[in-house]
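Fold and contact review
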Amino acid sequence: DAIDFMNEALDYFEEQGHHPRWSNEWRLVAIGLTTWDAKNQITMRDLEVAEGLDRLYAGFQSLRGT
């Protein structure tokens, strides 16, 4: 499931033009959002992308029945 979610998230990140730091360890996907141009600080853009990612994950969970 973690890999499937990452594949879906990859398309989302490409659409947003945002490329996070992320990792997968067993069933845990960790995603770090910062903006390089803002000296790797969290910006409003990062928060907007995070909200979209939350929606993507909620949809992913409902499809999986979890």
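Residues numbered from 1 in each chain as written. Predicted model: local features only at pLDDT ≥ 70, side-chain atom pairs only at ≥ 80, totals over all residues. Heavy atoms only, no water.

Section: the side chain of His-18
On the secondary structure map, His-18 appears in the loop between helix H1 (2-16) and strand S1 (21-25). One polar contact links His-18 to Asp-46, side chain to side chain, over a distance of 2.6 Å. (Helix = DSSP H or I, 4+ residues; strand = E, 2+ residues; numbered from the N terminus. Polar contact = N/O pair within 3.5 Å; in protein donor to acceptor, adjacent residues only side chain to side chain.)

A few points about the pattern of salt bridges
All chains considered together, the criterion is met by two salt bridges. Asp-1 is the partner of Arg-64 in a salt bridge, and the nearest nitrogen-oxygen pair spans 3.3 Å. With a gap of 63 residues between them, Arg-64 in helix H2 (residues 44-64) and Asp-1 in the segment before H1 connect regions that are remote in the sequence. Note that Arg-64 is salt-bridged to Asp-4, the shortest N-O span being 2.6 Å. (Salt bridge = Lys/Arg side-chain N within 4 Å of Asp/Glu carboxyl O.)

Some remarks on a negative patch on the surface
Taken together, the side chains of Glu-8, Asp-11, Glu-14 and Glu-15 define an acidic patch exposed on the protein surface. Positionally, Glu-8 belongs in helix H1. Residue class for Glu-8 comes out partly exposed when judged on its relative accessible area of 32%. (Patch = residues over 30% accessible without salt bridge, like charges linked within 9 Å, V, L, I, M, F, W, Y side chains within 5 Å. Areas by Shrake-Rupley, 256 points an atom, 1.4 Å probe, with all protein chains shown as cover. Lys, Arg positive; Asp, Glu negative; His and termini not counted. Charge placed at Lys NZ, Arg CZ, Asp CG, Glu CD. Buried < 20%, exposed > 50% of the residue type's maximum accessible area, 1.4 Å probe, protein only.)

Let's talk about the packing of aromatic side chains
Applying the stated criterion across every chain, the model contains four aromatic pairs. Each ring, one from Phe-13 and one from Trp-22, has its centre 5.3 Å from the other, and the planes form 85°; the classification is edge-to-face. You can call Trp-22 partly exposed: its relative accessible area is 28%. (Phe/Tyr/Trp six-rings, centres within 6.5 Å; stacked < 30°, edge-to-face > 60°.)

Let's talk about a nonpolar patch on the surface
Taken together, Ile-42, Met-44 and Leu-47 make up a surface patch of nonpolar side chains, about 330 Å² in accessible area. Along the chain, Ile-42 turns up in the loop between strand S2 (28-32) and H2.

Remarks on the side chain of Asp-46
Within the secondary structure layout, Asp-46 lies in helix H2. In this structure Asp-46 is buried but unpaired, with Arg-45 as the nearest side chain of opposite charge at 7.0 Å. In terms of polar contacts, Asp-46 uses its side chain to reach the backbone amide nitrogen of Thr-43, at 2.7 Å. Discounting chain neighbours no more than four positions away, the residues touching Asp-46 are His-18, Leu-33, Thr-34, Thr-35 and Gln-41. (Contact = heavy atoms within 4.5 Å.)

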